[in-house]
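Single-letter residue listing:
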Amino acid sequence: MPDTTMPATAHNRRLTKACEVAGSITAMAYALLIASNTGNEALGFTLLLISSSLFAAWAVVDRRWTFLVLQGFYASSAIIGLIRWG
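Residues numbered from 1 in each chain as written. Predicted model: local features only at pLDDT ≥ 70, side-chain atom pairs only at ≥ 80, totals over all residues. Heavy atoms only, no water.

K.L.:
Would you mind going over the overall build of the chain in detail, with residue names and values included?
P.N.:
If you tally the helices and strands in the chain, you get three helices and zero strands. Ordered by position in the sequence, the α and β elements of the chain form the string α-α-α. Each principal axis of the C-alpha atoms in the chain carries an extent, and together these give about 50 × 25 × 20 Å. Taking all 86 residues of the chain together, the buried fraction comes to 24%. Summarising the internal contacts of the chain: among those between residues at least 6 apart in sequence, 60% fall at separations of at least 24. Roughly 5900 Å² of accessible area belongs to the chain as shown, and the carbon and sulfur atoms make up 68% of that amount. (Helix = DSSP H or I, 4+ residues; strand = E, 2+ residues; numbered from the N terminus. Buried < 20%, exposed > 50% of the residue type's maximum accessible area, 1.4 Å probe, protein only. Contact = heavy atoms within 4.5 Å. Areas by Shrake-Rupley, 256 points an atom, 1.4 Å probe, with all protein chains shown as cover.)

Structural data, given as structure tokens:
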């Protein structure tokens, strides 16, 4: 059960930090898989889709609309990559 005594801003900071860290880790794994050219492209593009979703959540919580649009582009790229390599 969530802690309802915590101020909304502290909760938002924890949420955005979690999205930031997890999104960054999955983005790095995506980049390494694609660059390695080892036949793991579908997994790489799946990680890109996960990463862009996490960053999109961060953008919504922080109300960073331009960053949200950028994540839409990355998600579209991931979907194209999954169609092409999946």
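K.L.:
Give me the environment of Ser77: which residues, what numbers.
P.N.:
In this structure, Ser77 sits in helix 3 (residues 65-85). In the structure, Ser77 is positioned 25 residues away from Ser52 in sequence and 10.0 Å away in space, judged by C-alpha atoms. For Ser77, the contacting residues outside a window of four places in its chain are Phe45 and Leu48.

K.L.:
Would you mind going over the packing of helix 2 (residues 41-62) against helix 3 in detail, with residue names and values included?
P.N.:
At a minimum axis distance of 8 Å, the contact between helix 2 and helix 3 shows a crossing angle of 165°. Taken as axis vectors, helix 2 and helix 3 run roughly antiparallel relative to one another. When the axes of helix 2 and helix 3 are compared, the crossing they make is left-handed. Taking contact as the criterion, the partners of Glu41, Ala42, Phe45, Thr46, Leu48, Leu49, Ser52, Phe55, Ala56, Trp58, Ala59 and Val60 in helix 2 are, on helix 3, Trp65, Phe67, Leu68, Gln71, Tyr74, Ala75, Ser77, Ala78, Ile79, Gly81, Leu82 and Trp85. (Axes fitted to C-alpha atoms, helices over the stretch in contact; angles between N-to-C directions. Parallel < 35°, antiparallel > 145°, perpendicular 65-115°, else oblique. Left-handed = near helix turned anticlockwise from the far one by under 90°.)

K.L.:
Kindly report on the environment of Phe45, identifying the contributing residues and their values.
P.N.:
Here Phe45 is to be found in helix 2. By relative accessible area, which is 12% here, Phe45 ends up buried. Along the chain, Phe45 and Trp85 lie 40 residues apart, while their C-alpha atoms are 8.6 Å from each other. Each residue touching Phe45, except ones within four places of it in the same chain, is listed here: Tyr30, Ile34, Ser77, Ala78, Gly81, Leu82 and Trp85.

K.L.:
An account of the side chain of Thr16 is requested, with residue identities and associated values reported.
P.N.:
Take Thr16: it is sitting in helix 1 (residues 8-36). Residue Thr16 is classed as buried on the basis of its relative accessible area, which comes to 9%. Excluding anything up to four places from it in sequence, Thr16 contacts Trp58, Val61 and Asp62.

K.L.:
Lay out the side chain of Glu41 with the relevant residues and their values.
P.N.:
Relative to the elements of secondary structure, Glu41 occurs in helix 2. Buried charge Glu41 goes without a salt bridge, the closest partner of opposite sign being Arg84 at 9.3 Å. In this view, Glu41 contacts Ile34 and Trp85; residues no more than four positions away in its chain are not counted. (Lys, Arg positive; Asp, Glu negative; His and termini not counted. Salt bridge = Lys/Arg side-chain N within 4 Å of Asp/Glu carboxyl O.)

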